[in-house]
Amino acid sequence: MTAAFGALAAVGTTAAAGASAIRSAADLGCEGIGLAREGVQEARAYGERRHERKMQAAGSGGDEG
């Protein structure tokens, strides 16, 4: 009986460790998604600033590329 309880405890410990690893992987995935989203926002802002500079240059007769 004691051996059975020991085996059951070992299975529970292994399951808890597996759940912890899955949770850590999920956290990393969420962090990666957040970083990608920030990158897209920065690229969009850069494109908008570049477009504004081109429009200002076109309005003043210059050509900026």
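Student: I'd love a proper account of the overall build of the protein, names of residues and values included.
Tutor: If you tally the helices and strands in the protein, you get one helix and zero strands. Against the 2.2 N^0.38 benchmark of 11 Å for 65 residues, the protein shows a C-alpha radius of gyration of 27 Å, more extended than a compact globule. Projected onto its principal axes, the C-alpha positions of the protein cover 90 × 10 × 5 Å. Here the protein, with 65 residues, has 2% of them falling under the buried criterion. Surface exposure of the protein reaches about 5,400 Å², of which carbon and sulfur atoms provide 62%. Charge centroids of the protein, computed over 7 positive and 8 negative side chains, lie 3 Å from each other.

Student: Quick one: what's the story with a nonpolar patch on the surface, residue by residue and with numbers?
Tutor: Together, Met1, Phe5 and Leu8 give the surface a local cluster of nonpolar side chains, amounting to about 420 Å² of exposed area. Following the sequence through the fold, phenylalanine 5 ends up in helix α1 (residues 2-59). Given the relative accessible area of 53%, phenylalanine 5 is considered exposed.

Student: Before we move on, can you summarise the pattern of salt bridges with the specific residues and values?
Tutor: By the definition in use, this model includes one salt bridge. Of the charged contacts, one joins glutamate 42 and arginine 49 as a salt bridge, the two residues approaching to 3.5 Å between their closest N and O atoms. Under the relative-accessibility criterion, glutamate 42 is labelled partly exposed at 47%.

Student: So, the environment of alanine 25: which residues are in play, and what are the values?
Tutor: In this structure, alanine 25 sits in helix α1. Look at alanine 25 and you get partly exposed, because its relative accessible area is 47%.

Student: Describe in detail the environment of methionine 55, supporting the description with residues and values.
Tutor: Looking at the element boundaries, methionine 55 is found in helix α1. For methionine 55, a relative accessible area of 48% gives the class partly exposed. For the pair methionine 55 and glutamate 38, spaced 17 residues apart in sequence, the C-alpha to C-alpha distance is 26 Å.

What counts and how
Residues numbered from 1 in each chain as written. Predicted model: local features only at pLDDT ≥ 70, side-chain atom pairs only at ≥ 80, totals over all residues. Heavy atoms only, no water. Helix = DSSP H or I, 4+ residues; strand = E, 2+ residues; numbered from the N terminus. Rg over C-alpha atoms; globule rule 2.2 N^0.38 Å. Buried < 20%, exposed > 50% of the residue type's maximum accessible area, 1.4 Å probe, protein only. Areas by Shrake-Rupley, 256 points an atom, 1.4 Å probe, with all protein chains shown as cover. Lys, Arg positive; Asp, Glu negative; His and termini not counted. Charge placed at Lys NZ, Arg CZ, Asp CG, Glu CD. Patch = residues over 30% accessible without salt bridge, like charges linked within 9 Å, V, L, I, M, F, W, Y side chains within 5 Å. Salt bridge = Lys/Arg side-chain N within 4 Å of Asp/Glu carboxyl O.

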